[in-house]
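# Close look at the chain arrangement
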Amino acid sequence: MKKKLSINAIKKSKNEHQLTMITAYDALFASLFEESADMILVGDSLNMSFGGKADTLSATLDQMIYHTNAVCNGAKNTFVICDMPFGSYNSSRQALKNAVRVYQECPADAIKIEGGKDKAPLVKILTDNGIAVCGHIGLLPQSVRGEGGYIVRGKDVQDMEQLIEDAEAIEAAGAFAIVVEGVKAQAAKAIALAVNIPIIGIGAGCDVDGQVLVFSDMLGLFEAFTPKFVKKYMDGAGLVKEAVASYKTEVQSKSFPSSEHTY
């Protein structure tokens, strides 16, 4: 049986082996991912992939707890991280209250919050109170409206230095890992070299400590658009459509159900 990674094991993976993280939102897919995934992120990306929303901002804490419970039920031996949704950690007091609620209402192993140096004091309070925190810097999906879109980071030396400062501050505050999203590969490499905790990239090149992808993107299930950094490992949408079309044909021709599928 697969053994769930501990916080210490995740930290020790730095410079030893790459970590594989994938998103999941339900027990079924989580159970399918468990064999290969080191970590599962219950991302607020569910708001877009499955809620049909334009961004992640309207995801609620209730939704995140519900879906995290489902994922934990399906992948009991995988390290599961619950994304804290927009508006749930605007202050240290609010963040601690909501993170404690996550821990009390679901068996998540950790939470994830977006932000750099400005969020370091908040991360410190959470980790001081027994909450395991995964940071998230670079392109911040929860800031998309405030920043006027999804903007790639680390394009110049000044921004690269800012990102390194962000990572160092989040590490110093006690985070066990950091997701780095939408960052130029050279900058992401510099970030990974600057800290002693794993850097998990998404759209950040290969010179980091692991990768994360939204599962509906990498399985080719989400057709609305494909980010540049996504590799589709199968044509999920095409396979599903083909299967449903075959089902419809057999229903209409009454070849299903056959005697094999009849009591």
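Okay, so let's go over this structure.

Criteria and cut-off values
- Residues numbered from 1 in each chain as written.
- Predicted model: local features only at pLDDT ≥ 70, side-chain atom pairs only at ≥ 80, totals over all residues.
- Heavy atoms only, no water.
- Helix = DSSP H or I, 4+ residues; strand = E, 2+ residues; numbered from the N terminus.
- Rg over C-alpha atoms; globule rule 2.2 N^0.38 Å.
- Buried < 20%, exposed > 50% of the residue type's maximum accessible area, 1.4 Å probe, protein only.
- Contact = heavy atoms within 4.5 Å.
- Areas by Shrake-Rupley, 256 points an atom, 1.4 Å probe, with all protein chains shown as cover.
- Lys, Arg positive; Asp, Glu negative; His and termini not counted.
- Charge placed at Lys NZ, Arg CZ, Asp CG, Glu CD.
- Core = buried A, V, L, I, M, F, W, Y, C linked by side-chain atoms within 4.5 Å.
- Salt bridge = Lys/Arg side-chain N within 4 Å of Asp/Glu carboxyl O.
- Patch = residues over 30% accessible without salt bridge, like charges linked within 9 Å, V, L, I, M, F, W, Y side chains within 5 Å.
- Right-handed = clockwise from strand over helix to strand, strands pointing away.
- Pairing = 2+ DSSP bridges.
- Axes fitted to C-alpha atoms, helices over the stretch in contact; angles between N-to-C directions.
- Phe/Tyr/Trp six-rings, centres within 6.5 Å; stacked < 30°, edge-to-face > 60°.

## A look at the overall build of the protein chain
Scanning the protein chain for helices and strands turns up eleven helices and eight strands. Taking 263 residues into account, the globule formula puts the C-alpha radius of gyration at 18 Å, and the protein chain, at 20 Å, falls close to it. By its C-alpha atoms, the protein chain is 65 × 40 × 35 Å across when sized along the principal axes. Taken across its 263 residues, the protein chain has 50% of its residues classed as buried. Within the protein chain, residue pairs in contact and separated by at least 24 positions form 59% of the contacts whose partners lie at least 6 positions apart. By element, 54% of the accessible surface of the protein chain is carried by carbon and sulfur atoms, the whole surface being about 13,400 Å². Side chains of the protein chain give 26 positive and 31 negative charges; the mean places of these two sets differ by 2 Å.

## Here's the deal with the side chain of N98
Within the element layout of this structure, N98 appears in helix α5 (residues 92-105). If sequence neighbours within four positions are ignored, N98 has contacts with L61, M84 and S88.

## So, the nonpolar core
The nonpolar side chains of a soluble globular protein tend to be buried, and buried together. In terms of nonpolar packing, the biggest core is built from 61 residues, with I40, V102, I111, I113, L126 and I191 touching the most fellow members. Here the element with the most residues in this core is helix α8 (residues 157-172); it accounts for six residues. In this view, I40 contacts I22, T23, A24, A30, F33, V71, A75, T78, F79, V80 and I81; residues no more than four positions away in its chain are not counted. Counting residues in each nonpolar core, the second largest holds 16 residues, with M21, M39, V179 and I200 among its members.

## A look at the environment of K189
Checked against the element boundaries, K189 lands in helix α9 (residues 185-194). K189 gets classed as partly exposed once you look at its relative accessible area, which sits at 40%. For K189 and A132, which are 57 residues apart along the polypeptide, the C-alpha to C-alpha distance reads 24 Å.

## Details of the pattern of salt bridges
Per the stated rule, a full pass over the model turns up eleven salt bridges. One salt bridge in this structure joins K14 and D209, with 2.8 Å as the shortest N-O distance. Here the residue K14 occupies a position in the loop between α1 (7-12) and β1 (19-23), and D209 occupies one in the loop between β7 (199-202) and β8 (210-213), the gap between them amounting to 195 residues. With respect to burial, K14 and D209 carry one shared label: buried.

## A short note on a nonpolar patch on the surface
A surface patch of nonpolar side chains, amounting to about 510 Å² of accessible area, comprises L221, V240, V244, Y247, V251 and F256. Relative to the assigned elements, F256 resides in the segment after α11 (236-253).

## Looking at the pairing of β1
In terms of residue burial, β1 counts as a mostly covered element, since four of its five residues are buried. Handedness of the crossover joining β1 and strand β2 (residues 39-42) through helix α2 (residues 27-33): right-handed.

## Section: unusual backbone geometry
Note: most residues except glycine have negative phi, and most peptide bonds are trans. Residues F256 and P257 are joined by a peptide bond in cis, for which omega reads 0 degrees. Relative to the helices and strands, P257 is located in the segment after α11. In this structure, N15 takes a positive phi of about 65 degrees despite not being glycine. Positionally, N15 belongs in the loop between α1 and β1. Residue N15 is classed as exposed on the basis of its relative accessible area of 73%. The phi dihedral of K254 is positive, around 65 degrees, even though this residue is not glycine.

## Comments concerning the sheet that holds strand β4 (residues 110-112)
Strand order in this closed barrel of eight strands is β1-β2-β3-β4-β5-β6-β7-β8, and the pairing throughout is parallel. For this sheet, the mean angle separating the axes of adjacent strands, direction not counted, is 25 degrees. Across four bridges, strand β6 (residues 177-181) lies against β7 in parallel orientation. Residue I178 lies in a different strand from β7, and its bridge partner there is I199.

## Quick word on the packing of aromatic side chains
Overall, the coordinates contain nine aromatic pairs when judged by the stated rule. Aromatic pair F222 and F225: ring centres 5.6 Å apart, planes at 80 degrees, arrangement edge-to-face. Look at F222 and you get buried, because its relative accessible area is 16%.

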